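Observations on the three-dimensional arrangement
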Amino acid sequence: SQSPGDATTLPDYSRKGADTCIACHEDQSTLSVFRSKHGTPRDPASPFGHGQLQCESCHGPGDEHSGRVRRGQERPAVLAFGKQALLTIEKQNAYCVDCHAADVGFASHAGAHDMNSVSCADCHSSHAEHDPVLQTATQAEVCFDCHQQQRTQSMKPYAHPVRQGKMDCGSCHNSHGQTTDLMLVRQTLNDTCFDCHAETRGPYLWEHAPVSEDCSNCHDPHGSNQPGMLSMRAPLLCQGCHSEDGHPSLPQDERGLPSGIPSQFLLGQSCLNCHSEVHGSNHPSGSKLMR
Amino acid sequence: DTSGWACELCPFEEGYQADYDAGATYVSDDEARFGHATGYDNKGAYANVAGNGSYTKGGYRLDWLFEDLGLSSRFAQLDGNVDGRFGFSIGYREQPQRQFSSTRTVFTGAAGELALPPGWVSAGTTSSFPQLATALRPVNIESDRQILDLGADWKANKKIRVFAEFQRQNRDGVKISGGAGFTQASLLAKFIDYETDRIDTGIQYADGAATLALNWYGSFFENRNSSLAWQTPFATAPGAVRLQKATAPGSDFQQLSLSGSYRWNTWDTVLAFSLASGQGKQTDALLPYTSNPNIATSVLPVTAMDARVDTVNHALTITSRPLPQGRVVLSYRYDERDNRTQVLSWNRIIADIFDAGETEQNTPYSFERSRFGISGELRVWRDIRLSGGYNRRILKRDYQEVAEQTVDAGWAQARWRPLDWLDLRIKGGTDERDIDRYDETVAVSLGQNPLLRKYNLAYRFRSYGEFSAAITPTDSRWSIGTSVLLADDRFTKSLLGMTDSEELRVTLDLNYAISQRASAYFMAGFEETDALQLGSEQFSSWDWKAKHEDSFEHLGFGVHWRSENEKIDVHADYNRGSGETTINMDSLSGSASRLPDLESTLDTLRASIAYRWNDRLQATLDFRFERFELSDWALVEPDTMATVLTLGAQPYDYDVWALGIGIRYSFGNPNISIPN
C-alpha cells in the first residue's frame, strides 16, 4: 500500500466525476467552489470547463477514495490536498501549476516558499468565493500564520497600513517566488519602494549615496519604533555615516533636552531640521541636501 | 473514460448574487491618528457602505467588491470576465495618511510659496518673536492617496496571455519639511501634490515545460509643487528673507524585461532566467543658485539636468533533483545602476546667505551588484531534511570610500518532522562583509573623519541562529507555533561608527478550538535590537559612545463564537503593542547620561456581534477602541529651540472609541443548493 507523500502510481478516476463527489461533499464550504473561478463551466481552463476533470482536476483520480469500503475499513484519502494526502507537496503543487504556470512561473522552484515545502493550499483557499489571500484586507493574516515576526513588526507605531488592512504583503513581495532578492515584485528593493514613493527616485542633481543604493540602509519597511520607519533614532542614525570637519559629530545627550539647552541637533526633526532633502536635492546649491 | 461525466449535481449558478452592508458608525473624538488609514479622523457619524457580489450569464461574469464607501479609505473593485478568455478590472481606493492634528504654523499660503503674516517682526531666536503666540494657526499634517487601477487581459489560448495594467496614483496633502537658513531653520508645512502613472504590460507564454514573458514597465512621476519658497522668520542677512529649495523632481523610469523558465524531466531540472534593461530620466528645470538678489552668481552650467540612470538586471536560477531525496539550487543575479548624469561644476552658495567662493562637482553614484549562490537540500531520513547554502555578493561602486565589497554568507538548516503534527526547524549561518579597502583620502575629500567607517560600507561579521516549531496535532484542540531568532553583528574594524549590534526576536502563537463553534487564540511577539556606536566631536578618535536599545512587545488574543443555530456570530480581538527606545550616552566631554525613554503603547480592541434573522438579513454591531500613548522628547513647542521654529507637534495621547451598527442583506441565492 502507498504511504502518505510517496504515491507514485495513480489510481483510476471515479466513475461519475463530480456527481460522485457531491453526493457526499454537499456542505456550503465545499460547494462554494461553484461561486469561484474554479467552478465556471464556460471557462475552458476551469476545472469544470468542458472536458476537464472537475473535482479530480485538482484532487487527483478519486476512484479508490469514492469506492466502497468494508465496515471498519478506513476510507482511502484523496491524492492531493489535506494532511493525509498521498502525494508529496511538490506533486500536489504540480496539479495547480499545470493550469497556473503563467501566474506562478517555474522561478518559484528557487523561491523560499518552495524550498520550505509550502504548498499552494497552505495559502490559497481554492474553494472560496473570495480567497482571503487574494484580498488586501485579509491577505496579511494568511501570511502572518507563518511570518509571525513580520506580524509583530506590523504592529509597531510607525508601519505601512497592513494592520489596518489597507495594504497587503503582495504590494512588495511576490509570494510565488521570483529571481529577485527577497521575492520582491520589482527587480530591486529600491525599484519596489519607488512603485509608491516615486518622489524619492530621482535621479537627482545631488544624490545621497546610501539612498541610491538601498532604501533599507535607513528604513525598516516592516515597521519601526521610530518615525518615518527609520531603523534608528536620529541623530544617531545619521552619525553612523557622518562625522564632518567643521560640523562636529556631537554627543546628543540629556543636556540637549528642553530642560537643558534645547539642541537643534536632537529635537524636532534632528539633522533633518536643516538637511531636509535626505533623498536627494535638485537645487544647484543643494549639495548638503539643505535645498 | 471521463468523457461521459455529466456533472448533473453541480450547482452552476447564473444570475445575480450579492451581499450589501449599510450602516453608520459614530466616532467619539477628533483624533487624526485614529483616522490614519481608516478614515475615522473626526468626531461624529460616518456612513458605512460595503458590499460584494457577482453576476453570471452564459460565459459572462462580473464580480464587484466595495468597502468603506463613506470614508476617506474607500475601496471599490470591479472585475469582468468573458469565457475565461478576456478579463478586465477597474479599481479605485483611497488611503488617508494622518500624522498630526496638533501642529501649528505661522506661515500662510499654499503650494510652493509660504509667507509670514503681515507685520511679522523677525528676531534672532524663537523666544524673541513678538507675534509668535498670536500668529500660530492650526495645520494638519496629513495627506491622501487616490489610486485608480485599470487592467485588461486576454488569453489567446491556453498558452498565451496578453495583459495591460495602468495605475494612476495621486497624493496630495501636507508634509513636514525643514527649511534651513544658515544657523536657523523653520519646520514647514509643505504642500505636496504628486501624480504617478504606472503601466505594466506584457505577453506571456506557458506550456507544460516552458514559460516566457516579455514585459514593459513604465513609471511617470510628476510633482506639481516642484519648489518651495518661504520667508524666514529669523533676523537674517540683507536679501536672505525669501528662501527657496527644490522639492522632488518629476521623473520617469521605463524597463523592458524578458523572463522565462524551462523544465526538463531529467532530474526534474528547472532553469529560470530574467533579463531587464531600464532607464530613468529627470529633466526638470533648475532653480537659480539662490533666491537672494544680493548675491551675484554666475550662470548655471545648465538650465535643466539631463539626469539619466541606466539599469541592467540579470538573473539565472537552476534547480535540480539529481537524487530523489535531494535538490540543488544554483543562482546568479546581477544588478547595475549606471548613473550617466553629466558631472558639472557648481558654485557653492550657502543657505542663500553667502557665496563660499568654491566650486563643487555633483557625484552621480553608480554601482554593480552581483550575487552567486549555491544551496542544497537532502532528505537524509524520512523525517529529517538537511539543507545548506553559500552565496557571495560583490558590490562595486564609485565616488565612495569603499569601491568594492564582498559578502560571503553561509547557512545550514535542519528540519525534522518526526510526526505529522510536529515540525521543528533550526537554522544558523554567518555573513561576512569584507571590503577591498576603506579609502580614507575619499573620506577626507568629503570632509569626513578618516577613522569613521560608514554603516553600510564597514567591515561586518554577522552570525545568527533561528529556531521554529509548529505543533499542530490533528486530533487536538491546540495548535502552537513559536520562533526565535538571534543575530549578532560585529563591526570589528570600525574605530568610529557602529561597532556592535545584537538582535533578538521571539514569537509565540496558540490556537485553541474550544468547541465546534468557538475558538480562541493568543499571540505574542518580542523584538530587541541593541546597537553600540562610537563618535568623535573632536574630529579625532572616539570621545563619545551611544548605546541604542530598541524593543517592542506585541500581545494579542481573541475569541470567536457562533451559536448552535448559527444565528449569532461573535468576534473579539485585542492587541497591545509597546515600543521602547533607550539611548545611553557616555562622552568624555560630559558624563554618562540616559535620555528619557521613547515609549509608545497602542491598545486596540475590536468586537463585533452579528445576528442573522434569516438567510438574507443580518444585523451587526461593531465596537472598536484605540488608546495610543506616546512619549517622545523630540516633539517640542514651536519656540523650545532657540534657532529652530517647529510646528509644535504633540505626542499622541488619546482614547477613541467607535460604535457602528449596520445591516447586511443578501440578494440572489444566499445558499448554494444542489439541483434535485
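Look a little higher up for the structure.
Everything in this summary refers to the structure shown in the same document. (Residues numbered from 1 in each chain as written. Chains lettered and ligands numbered in written order. Predicted model: local features only at pLDDT ≥ 70, side-chain atom pairs only at ≥ 80, totals over all residues. Heavy atoms only, no water.)

Next up on the list: the interface of chain B and chain A. One frequently used descriptor of interface size is the decrease in accessible area upon assembly of the parts. With 193 residues of chain B at the contact, the number on the chain A side is 125 residues. A buried area of about 13,500 Å², summed over both sides, lies between chain B and chain A, and 52% of it is on carbon and sulfur atoms. The tally of links between chain B and chain A comes to 16 salt bridges. By residue class, the composition of the side of chain B that touches chain A is 75 nonpolar, 72 polar and 46 charged. (Contact = heavy atoms within 4.5 Å. Buried area = accessible area lost by both parts, 1.4 Å probe. Salt bridge = Lys/Arg side-chain N within 4 Å of Asp/Glu carboxyl O. Nonpolar A, V, L, I, M, F, W, Y, C, P; charged D, E, K, R; others polar.)

This paragraph deals with the packing of aromatic side chains. Residues and elements named next belong to chain B. Inspection of every chain in the model, using the stated rule, returns 27 aromatic pairs over all chains. Where Y611 meets W613, the ring centres are 5.3 Å apart and the plane angle is 90°; that geometry is what we call edge-to-face. For Y611, a relative accessible area of 32% translates into the label partly exposed. Among the aromatic residues, ring-to-ring pairing joins Y16, Y20, W64, F66, Y665 and F667 into one connected group. Here K427 stacks its cationic end above the ring of W411, 4.9 Å away from the centre of that ring. It is R453 that lies over the ring of Y438; its NZ or CZ is 4.2 Å from the centre. (Phe/Tyr/Trp six-rings, centres within 6.5 Å; stacked < 30°, edge-to-face > 60°. Buried < 20%, exposed > 50% of the residue type's maximum accessible area, 1.4 Å probe, protein only. Lys NZ or Arg CZ within 6 Å of the ring centre and 35° of its normal.)

As a further point, take the state of the cysteines. What is meant by a disulfide is a covalent connection between two cysteines, made through their sulfur atoms. By the definition in use, this model includes one disulfide over all chains. Across a sulfur-sulfur distance of 1.6 Å, C7(B) and C10(B) are joined as a disulfide pair. Here the S-S torsion is close to -50°, and the disulfide linking C7(B) with C10(B) is therefore left-handed. The closest cysteine sulfur to the non-disulfide-bonded C238(A) is located on C271(A), 3.7 Å from its own sulfur. This cysteine, C241(A), is not joined by any disulfide, and C218(A) carries the nearest cysteine sulfur, 7.1 Å off. (Disulfide = S-S within 2.5 Å.)

So, on to unusual backbone geometry. Look at the link from G202(A) to P203(A): it is a cis peptide, with omega at 10°. Within the element layout of this structure, P203(A) appears in the loop between α10 (189–194) and α11 (209–213). Residue A234(A) is joined to P235(A) through a cis peptide bond whose omega torsion reads 10°. When you line up the elements, P235(A) lands in the loop between α11 and α12 (236–239). Of note, the phi angle at S117(A) is positive, near 55°, even though the residue is not glycine. For A111(B), which is not glycine, the phi torsion reads 50° and is therefore positive. Mapping A111(B) onto the fold places it in the loop between β7 (108–110) and β8 (113–115). (Helix = DSSP H or I, 4+ residues; strand = E, 2+ residues; numbered from the N terminus.)

So, about the side chain of K156(A). With respect to the element layout, K156(A) can be found in the loop between α9 (148–154) and α10. Not counting residues up to four positions away in its chain, the partners in contact with K156(A) are G223(A), S224(A), N225(A), E527(B) and F552(B).

Residue and element names in this part refer to chain B. On inspection of all chains with the given rule, the structure shows 62 salt bridges over all chains. We note a salt bridge from E360 to R348, for which the minimum N-O separation is 3.8 Å. Here R348 lies in strand β20 (residues 345–350) and E360 lies in strand β21 (residues 354–361), a separation of 12 residues in the sequence. Using a relative accessible area of 16% as the deciding quantity, one classes E360 as buried. Between E503 and R505 there is a salt bridge, with its nearest N and O atoms 2.9 Å apart. Connected through shared salt-bridge partners, R168, D193, E195, D197 and R224 make up one network.

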